[in-house]
Amino acid sequence: MGPTAAQEEEEEEKEKETEMSGGAGGAVAEALLQVVAEVSALPESRGPLRQMCYDLARRVKLLAPLFDELRDDAVSLGPAELRGLESLCAALVGAKETLRSVNDGSRLYQVLRPQKFQRLFLKATESIEERLGEISLDKLNVSDEVKEQIELVQAQLHRAKESMDLRDLQLSGDLNRALNEDHCDPTILKRISEKLQLKNKNDIMKESVALHKMVISSVGEPDVSVEEMSSLLKKLKDCSLLENPTSAGIERKTSFAKHRCPVIPDDFRCPLSLELMKDPVIVSTGQTYERSYIQKWLDNGHKTCPKTQQCLSHTAVTPNFVLKSLIAQWCDANGIELPKKHGGHQDRKPVNNSDISLDGINILLQKLANGNQEAQRAAAGELRLLAKRNADNRISIAEAGAIPLLKQLLSSPDPRTQEHAVTALLNLSINNDNKGIIVKEKAIPKIVKVLESESMEARENAAATLFSLSAVDQNKVLIGEAGAIPALVSLLCQGSPRGKKDAATAIFNLCLYPGNKVVALRAGIVVHLMTILVDPGASLIDEALAILAILASIQEGKVVIAHSDPTPVLLKLMKTGSAQVRENAVALLFSLCSGVEENLKAAKDGGAEEVLKELVDTGTERAKRKAGSLLGFMCQAAEASVSDSTKT
């Protein structure tokens, strides 16, 4: 007798719950891996807390294999395990912020207030240990090697809490003398410089920036004397200049030089103009320039630091008040009139550090609201460029009320205006607060309409905008409900190389939400992804494998992918692809075969064993684990088959 309708309904409900759990588990595992990646990307600390930073970062990175295995078997995670992993993710984010604050912070402050940072590291360590302790490793479907590694990390975290002592008695004594003596022994200053890694003018400059940021971000008065720290920093700088006289413009030391035009110290000159700086500002690489000259450099479309040629992580500039004060002191000591900035009219004063005034923004918004088509197109284009240029512009433009007006222009009959409007929203959405305003203004459905328009550039930028907005979890649901996924799948097939890339990254992000996976599957995405995998000239193989792996985390995804006969393609990629492609291909094959005997048999019959054995020897660590697990599944299946034959 077959199952009743009630039993079938109950089974369906259970299956849905499993799919939802798998999707949520995959998203949590991805979030955990993202935090580990961000910790790994942090620069190595060079200050007085470098050992503690190294130890904490190393322990966080040791958790990566656990998250890798959980991502590949997310369906097995129960509600309790999910809650535990979410709490662990919050603890790791806290540890990452501690490491980042130390890397970006003042080394002088760190060594003058060691107890404060000891408490920070202790809190981060205790939080990770407690969250790990709440997760039962026995209930997780992970390998014994990973369990042993996590137990080792737990033991290290426990021991670390008992050995957090940042005191350096010699350094404390040296600092006390340097702070209290007008003419401190250069040997002591050199020793401090060595221990704090403040040995050259770039180090000194970065420390001055960190001190400035600490002052402007502190609530109330800082708990140490900023004047004392600035004085000590000046002593260290003078000591550094004495050690390296060729870079210091040291001619000013002689008494004869006092009767001549004083030589401007190199640190006070703008690297672009070679003139004494009037309004020094710092770019993201830590280099300082005269504001007007570096702004012209940025306005001309340059994305690198002129002096170091490093790529700028952003184009915002920060006033260097410490250096400006030193320039003022030098001018006063040498009888030189303090330079004045090239001033503009007060009513044209920029907002914050943005490069357009509030009046200027309002004029552009009036054109958006009331101008003819040509005026609207020009204003939207100018806002697009301004929003791209720096962070302060994005804040000023949004605060002035541009987003509702740009949303209306998404429906403009003029394709160029529509393109400018969606790209301006894309640039504004880089700011997290602006993401919220865009969603609140119900712009998502209109952005999806642009995604379905005829202008390829507008479609590409609409896809990039949806990707940016989908960084917020609740937006993934709204974007999916607005019908974006079929339009993104269409762009994945028809777009330019850049458009396909934008579509793939947006689809990947959206499919972290379980409900969107089913929509993507029913939009026929698997056929297109498999086409990418078999195209030798395709540039999106990594992205295609990543999307397929997410889709394979639900049962419907496994079925649809299996129907496309993926085994030969995946085995070929595992033989000939790059290390990353081979790793992603075997991870996808693992997801497809996990718990599905037909897929496992198809892989074995297709000759997977030989390829998997080679991966066990030559693959990445993750590829080795996946290949080993698959070989284990095949051995178990063979033993079960022999046992069944014996019984019959």
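Residues numbered from 1 in each chain as written. Predicted model: local features only at pLDDT ≥ 70, side-chain atom pairs only at ≥ 80, totals over all residues. Heavy atoms only, no water.

Let's shift gears to the overall build of the protein chain. Scanning the protein chain from N- to C-terminus turns up 33 helices and three strands. When each of the 648 residues of the protein chain is scored for burial, the buried share is 47%. Contacts spanning at least 24 positions in sequence make up 69% of the contacts within the protein chain whose residues lie at least 6 apart. Summing over all exposed atoms, the protein chain offers an accessible surface of approximately 32300 Å²; the carbon and sulfur share of this is 51%. (Helix = DSSP H or I, 4+ residues; strand = E, 2+ residues; numbered from the N terminus. Buried < 20%, exposed > 50% of the residue type's maximum accessible area, 1.4 Å probe, protein only. Contact = heavy atoms within 4.5 Å. Areas by Shrake-Rupley, 256 points an atom, 1.4 Å probe, with all protein chains shown as cover.)

For the rest of this paragraph, the subject is the nonpolar core. If you look at the biggest cluster of nonpolar residues, it comprises 93 residues, and the most contacted ones within it are I525 and L551. When residues in this core are grouped by element, the largest group, eight residues, is from helix 30 (residues 579–593). Beyond its immediate chain neighbours, meaning those up to four positions away, L551 contacts C511, K517, A520, L521, I525, V526, L529, G557, K558 and I561. Among the nonpolar cores identified, the runner-up in size contains 42 residues, and V36, L49, C53 and F121 belong to it. (Core = buried A, V, L, I, M, F, W, Y, C linked by side-chain atoms within 4.5 Å.)

Turning to the environment of R100, a few remarks are in order. Its place among the elements puts R100 in helix 4 (residues 79–104). For R100, a relative accessible area of 31% corresponds to the partly exposed category. When the C-alpha positions of R100 and P43 are compared, they lie 8.9 Å apart, and in sequence the two are 57 residues distant.

Attention now goes to the sheet that holds strand 2 (residues 288–290). Within the open sheet, the three strands sit side by side as 2-1-3. Their pairing is antiparallel. Every interior strand has two partners, whereas the edge strands, strand 2 and strand 3 (318–319), have only one. With two bridges joining them, strand 1 (residues 280–282) and strand 3 adopt antiparallel strand pairing. From the neighbouring strand, I282 faces strand 3, where its bridge partner is T318. On the sheet, helix 12 (residues 291–299) packs against strand 1, strand 2 and strand 3 and is oriented at approximately 95 degrees with respect to strand 2. (Pairing = 2+ DSSP bridges. Axes fitted to C-alpha atoms, helices over the stretch in contact; angles between N-to-C directions.)

Residues with a pLDDT of 70 or more make up 83% of the protein chain, whose mean pLDDT is 80. Within the protein chain, the element-level pLDDT minimum falls on helix 1 (residues 5–41), averaging 65, and the maximum on helix 20 (residues 444–451), averaging 95. Predicted confidence is poor over residues 12–22, with pLDDT under 50, and the contacts of this stretch with residues over four places away or in other chains come to 12 contacts. (pLDDT = per-residue confidence, 0-100.)

With that settled, the discussion passes to the environment of V596. By secondary structure assignment, the location of V596 is in the loop between helix 30 and helix 31 (597–605). Linking V596 and K558, residues 38 residues apart in sequence, is a C-alpha distance of 8.7 Å.

Right, let's get into helix 19 (residues 432–440). Of all the residues in helix 19, the buried ones are N434, K435, I438 and V439. The arc enclosing the buried residues of helix 19, seen along the axis, measures out at 140 degrees, which places them on a common side. Exposed residues on helix 19 whose side chains face more than 90 degrees from its buried face are D433 and K440. Summarising the contacts, the buried residues of helix 19 are in contact with helix 16 (391–399), helix 17 (402–409), helix 18 (415–428), helix 20, helix 21 (456–469) and helix 22 (473–481). For helix 19, the capping residue at the N-terminal end is N431, with a side-chain oxygen 2.9 Å from the backbone nitrogen of D433. Following helix 19 by one or two positions, K442 adopts a phi angle in the positive range, close to 55 degrees. (Arc of directions from axis to C-beta. Polar contact = N/O pair within 3.5 Å; in protein donor to acceptor, adjacent residues only side chain to side chain.)

At their nearest, the axes of helix 2 (residues 50–61) and helix 6 (residues 114–133) sit 11 Å apart, and the two run at 15 degrees to each other. Here helix 2 lies roughly parallel to helix 6, going by the angle between them. When you trace helix 2 past helix 6, the crossing you get is left-handed. The segment helix 2 lies against helix 6, with M52, C53, L56 and V60 engaging F121, A124, T125 and I128. Here the residues of the contact of helix 2 with helix 6 are counted per class, giving seven nonpolar, one polar and no charged. (Parallel < 35°, antiparallel > 145°, perpendicular 65-115°, else oblique. Left-handed = near helix turned anticlockwise from the far one by under 90°. Nonpolar A, V, L, I, M, F, W, Y, C, P; charged D, E, K, R; others polar.)

Turning our eyes to something else, we now look at helix 26 (residues 525–534). Residues of helix 26 that are buried: I525, V526, L529, M530, I532 and L533. End-on, the buried residues of helix 26 take up no more than an arc of 155 degrees, which puts them together on one face. For helix 26, the exposed residues set more than 90 degrees away from the buried face come down to V527 and V534. Buried residues in helix 26 make contact with helix 23 (484–494), helix 24 (497–510), helix 25 (514–522), helix 27 (541–551), helix 28 (555–563) and helix 29 (567–576).

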